[in-house]
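So you can see what is in the structure, the chains are spelled out below.
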Amino acid sequence: MATIETPAGASQTMVLNMGPQHPSTHGVLRIVLELDGEIVISARPHIGYLHTGIEKNCENKTYSQAITLTDRLDYLAPLSNNLCYCLAVERLIGLEIPKRAQYIRVLLTELTRVASHLVWLGTHAIDLGAMTVFLYCFREREEIMRIFELVSGQRMMTSYFRIGGLALEPPPGWLERIARFMDTFPSHVDEYETLLTQNRIWLARTKGVGVLSREDAIALGVSGPTLRGSGVAYDVRKMFPYSSYEEFDFNVPVETAGDCYARYLVRVAEIRESIKIILQAMKIVPAAGPIRTEAPGIVPPSREEMKTSIEGLIYHFKIFTEGFAPPPGEVYQCIESPRGELGFFVASDGSAKPYRVKVRAPSFVNLQAVSKLVEGRLIADVVACIGTTDIVLGEVDR
Amino acid sequence: MDTAESQKDSFIQRLQEWDAQAVAEVIEFRGETTVVVPREHLRRAAEFLVNDRALQFTFLSDITAVDKFPIEPRFELNYHLLSLEYRKRIRLKVRIPGDDPQVQSVTPIWPAANWHEREAFDLMGIRFEGHPDLTRILMPDDWEGYPLRKDYPVEGYR
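Within every chain, residues take consecutive numbers counted from 1 along the sequence as written. As a convention, the first chain written is A and the first ligand written is 1, with the rest following in written order. A pLDDT threshold of at least 70 governs which residues receive local features in this predicted model, and a stricter bar of 80 or more applies before side-chain atom pairs are shown or counted, although totals over entire chains, interfaces and linings include all residues.

This part is about the overall build of chain A. Think of it this way: any DSSP run of H or I at least four residues long counts as a helix, any run of E at least two long counts as a strand, and we number them from the N terminus. On a plain count of helices and strands, chain A comes out with 17 helices and 8 strands. Taking 398 residues into account, the globule formula puts the C-alpha radius of gyration at 21 Å, and chain A, at 23 Å, falls close to it. Principal axes of the C-alpha set define a box for chain A whose edges measure 85 × 50 × 35 Å. Our exposure labels follow a C-beta count within 10 Å of each residue's own C-beta, placed from the backbone: buried means 20 or more other C-beta atoms, exposed means 12 or fewer, and partly exposed covers the counts in between. Here chain A holds 398 residues, and 49% of them are scored as buried. Here the globule rule reads 2.2 Å times residues to the power 0.38, and the radius of gyration is calculated from C-alpha atoms.

Listed below in structure tokens is the structure:
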């Protein structure tokens, strides 16, 4: 029988497989942990369990058809994905979007950010043992889902933003519905904060845990609240404004500690900033006006026009059978999604289908930093560190 | 707009003054600047872009591989860089022949490139010399072929 020799003084390590079916990995993430007792020596994420070839599929659909695929990337923020893809294609063609559509886009993507941060806060809290916050967060998120359903007809896979504007006119009373939600929502955010911000258990589980230095964060390409928790004030909305964000007054919350608590503070502050943007957008969005730009052959004509004019009918038919062909070229468009810098690289060869679509998924890049966060820490902190990077496996694996 | 234009030019100038051979071509499209770098100069150019005080492209956003099949050089790698200091974006483009799809890794310069390069290897079959751990990332380890190549059928091989 063979004997296993351990060098004198050396400790034995154990390999522990965490996931892919683990409640706190937020999907199907698998992490192989090497442990020395309770201390994590190394952590290696294994991804790809949700890989569905979305980028390959986009190459075989027309530009408009590909929008439905973008919903399925980051399924907690489908409207952010819609927006980024549409902006990329619009820039490729050179389309100007009516102001009304731009404001509605801003309003709805900020609501998306709030909904996404609420899911993050709720699941992060339940991972660390705070059940109440989870129930509260999902209560408010449910109301946002209902607003999305009212406006777009879908709770989650909205596909509401289209190339050239919006899919349909928002129904009457939609702004009142949002206003009613906004009346009570800020006080709910206070409610979450009273449960967590000064909570001793919460502080013990998050303060000083998973520290990411400013230099490491930049070197690893981390973006979004994870980067801003490490003291870098990089927000795409401010640095490269899109969709009229330059007209809105809001701050970019930054914390310097770089730990889980700092990222928590940044995200909660971001919810409040989003509320500010939503309230401003509700004031300036015109009650009536075009929701789509005029671009025959690219943007579908209105239902009315399609039914009554022969040009409208022809364009409608051509757009939905053949699609349209942008000029050859390539663009990289990025936006600030709830998770960070979401980018779409779209290359056209002059045909009706995108030649290449590449998604720069913020979760994919942020997940790289997880190994850095957990190494040298207790195994119990792994859950906190995964939760705090706010990954969505749909866009990690694509 | 004028200042942005002149700044853009000064960035390219700076790169050309450093080594004119490292800049094969400059493409402007829809307000984006693309600098085409010959394959052998990539690593040097990357080091210069990060370390030069007047550039400081310390943030690597993304690496995108594009397959131009059947056009040669077949592959294109697009490095999307961001200078947080100067609020500036630039795209580095490297063209790679189809019969020898390899290029120097930039992971030692931008650690963020690690997974991006693994993805390009996994889905496009481009090899990165000097990468610390060049293994498949999205597809299973025993997968055959490179799914994002243009000659790979959408339904896969059956």
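Having seen it, we continue.
The helix and strand tally for chain B stands at 3 helices and 7 strands. In chain B, the succession of α and β elements from N to C terminus is α-β-β-α-β-β-β-β-α-β. By the compact-globule yardstick of 15 Å for 158 residues, chain B fits well, its C-alpha radius of gyration being 16 Å. Reported as C-alpha extents along the three principal axes, the dimensions of chain B are approximately 55 × 30 × 25 Å. Across the 158 residues that make up chain B, the buried fraction comes to 36%. The long-range fraction of contacts in chain B, counting pairs at least 24 apart against all pairs at least 6 apart in sequence, stands at 47%. Contact between two residues is assigned whenever their backbone-derived C-beta positions fall within 7 Å.

All right, on to the environment of L134 of chain B then. Residue and element names in this part refer to chain B. Position of L134 among the secondary structure elements: in the segment after β7 (127-129). What makes L134 partly exposed here is the crowd of 19 C-beta atoms within 10 Å. Sequence spacing of L134 and L60 is 74 residues, and the spatial spacing of their C-alpha atoms is 19 Å. Every residue in contact with L134, bar those within four places of it in the chain, is listed here: R118, F121, R127 and F128.

Next up on the list: the interface of chain A and chain B. In this assembly, 31 residues from chain A lie in contact with 26 residues from chain B. Broken down by secondary-structure element, the contributors of at least two residues to the side of chain A that touches chain B are α1 (54-58), α3 (78-93), α8 (214-219), β6 (329-337), β7 (340-348), β8 (356-360) and α14 (362-368) of chain A. Amino acids are sorted into nonpolar (Ala, Val, Leu, Ile, Met, Phe, Trp, Tyr, Cys and Pro), charged (Asp, Glu, Lys and Arg) and polar (every other residue, Gly among them). Class assignment for the residues of the side of chain A that touches chain B results in 15 nonpolar, 8 polar and 8 charged.

This brings us to the sheet that holds strand β3 (residues 39-46) of chain A. Two strands in a sheet stick together by hydrogen bonds in their backbones, pointing the same way (parallel) or opposite ways (antiparallel). All names here are of chain A. Pairing between strands requires that DSSP locate at least two bridges from one strand to the other. Pairing is antiparallel across the open sheet formed by 3 strands, whose spatial order is β1-β2-β3. Unpaired on one side and paired on the other, β1 (14-18) and β3 mark the two borders of the sheet. Each strand of the sheet is rotated relative to its neighbour by a mean of 20°, with strand direction disregarded. Two elements, strand β2 (residues 30-36) and β3, share 7 bridges in a ladder whose sense is antiparallel. By the bridge assignment for β3, E34 is matched with S42. Helix axes use the C-alpha atoms of the stretch in contact, all axes being lines fitted to C-alpha atoms, and the angles between their N-to-C directions lie in the range 0 to 180 degrees. On top of the sheet, helix α16 (residues 379-389) reaches β1, β2 and β3; it is set at about 150° to β2, its chief contact.

Moving on, we get to the pairing of strand β4 (residues 75-83) of chain B. Residues and elements named next belong to chain B. Along β4, 7 of the 9 residues are buried, which leaves the element largely enclosed by surrounding structure. Direction of pairing for strand β3 (residues 59-67) relative to β4: antiparallel, over a ladder of 8 bridges. Paired with F59 across the strands is L82, a residue of β4. Adjacent in sequence and paired antiparallel, β4 and strand β5 (residues 88-96) are bridged by 4 residues, among which R87 carries a positive phi angle near 55°.

A word on the packing of α3 of chain A against helix α4 (residues 99-127) of chain A. All names here are of chain A. In the contact formed by α3 and α4, the axes pass within 8 Å of each other and the chain directions differ by 140°. Between α3 and α4, the angle falls in the class oblique. Residues L79, S80 and L83 of α3 lie in contact with α4, whose contacting residues are R105, L108, T109 and T112. Counted by class, the contact of α3 with α4 contains 3 nonpolar, 3 polar and 1 charged residues. Here roughly perpendicular refers to angles of 65 to 115 degrees, roughly parallel to angles under 35, roughly antiparallel to angles over 145, and oblique to all remaining angles.

All right, on to the sheet that holds β5 of chain B then. Residues and elements named next belong to chain B. If you walk across this open sheet you meet the 5 strands as β1-β2-β5-β4-β3, and the pairing is mixed. Unpaired on one side and paired on the other, β1 (25-29) and β3 mark the two borders of the sheet. Direction aside, neighbouring strands of the sheet carry axes that sit 25° apart on average. Where helix α3 (residues 113-124) meets the sheet, it contacts β3 and β4, and its direction lies at approximately 10° from that of β3.

All names here are of chain B. Among all positions of helix α2 (residues 42-51), only L42, A45, A46 and L49 are buried. Along the axis of α2, the buried positions cluster into a sector of 100°, meaning they face one direction only. Close packing links the buried residues of α2 with β4, β5 and β6 (102-104). Taken from the helix axis, the directions to the C-beta atoms give the arc we talk about.

Before going further, it helps to spend a moment on the confidence of the model for chain A. In this model, chain A carries a mean pLDDT of 89, and residues with pLDDT of at least 70 account for 97%. Known as pLDDT, the predictor's confidence for each residue is given on a scale from 0 to 100. Per-element mean pLDDT across chain A ranges from 86 in β1 of chain A up to 93 in β8 of chain A.

Take the packing of α4 of chain A against α16 of chain A next. All names here are of chain A. It is the contact of α4 with α16, at a shortest axis distance of 9 Å, that shows an interaxial angle of 180°. Judged by the inter-axis angle, α4 sits roughly antiparallel to α16. Residue-level contacts link T123, H124 and D127 of α4 to V383, A384, G387 and T388 of α16.

With that settled, the discussion passes to α16 of chain A. Counted residue by residue, α16 of chain A has 9 buried out of 11 residues, so it is predominantly covered. Of all the residues in α16 of chain A, the buried ones are D381, V382, V383, A384, C385, I386, G387, T388 and T389 of chain A.

Turning our eyes to something else, we now look at the environment of E305 of chain A. Examined against the element boundaries, E305 of chain A turns out to sit in helix α12 (residues 303-308). Using a count of 14 C-beta atoms within 10 Å as the deciding quantity, one classes E305 of chain A as partly exposed.

So, about the pairing of β1 of chain A. Residues and elements named next belong to chain A. With 0 of 5 residues buried, β1 lies mostly on the surface of the structure. Bridge count between β1 and β2: 5 bridges; the pairing is antiparallel. Each residue of the ladder has a partner; that of V15, found in β2, is E34.

Another point: the nonpolar core. The term nonpolar core refers to a group of buried residues, namely Ala, Val, Leu, Ile, Met, Phe, Trp, Tyr and Cys, whose C-beta atoms join them within 7 Å. The biggest cluster of nonpolar side chains holds 148 residues, and the ones touching the most others in it are A88, V89, V346 and C385 of chain A together with L77, L81 and I126 of chain B. When residues of this core are assigned to their parent elements, the largest contribution, 13 residues, is made by α4 of chain A. Those residues in contact with L81 of chain B, other than ones at most four positions away along the chain, are L49, F57, F59, L60, S61, R89, I90 and L92 of chain B.

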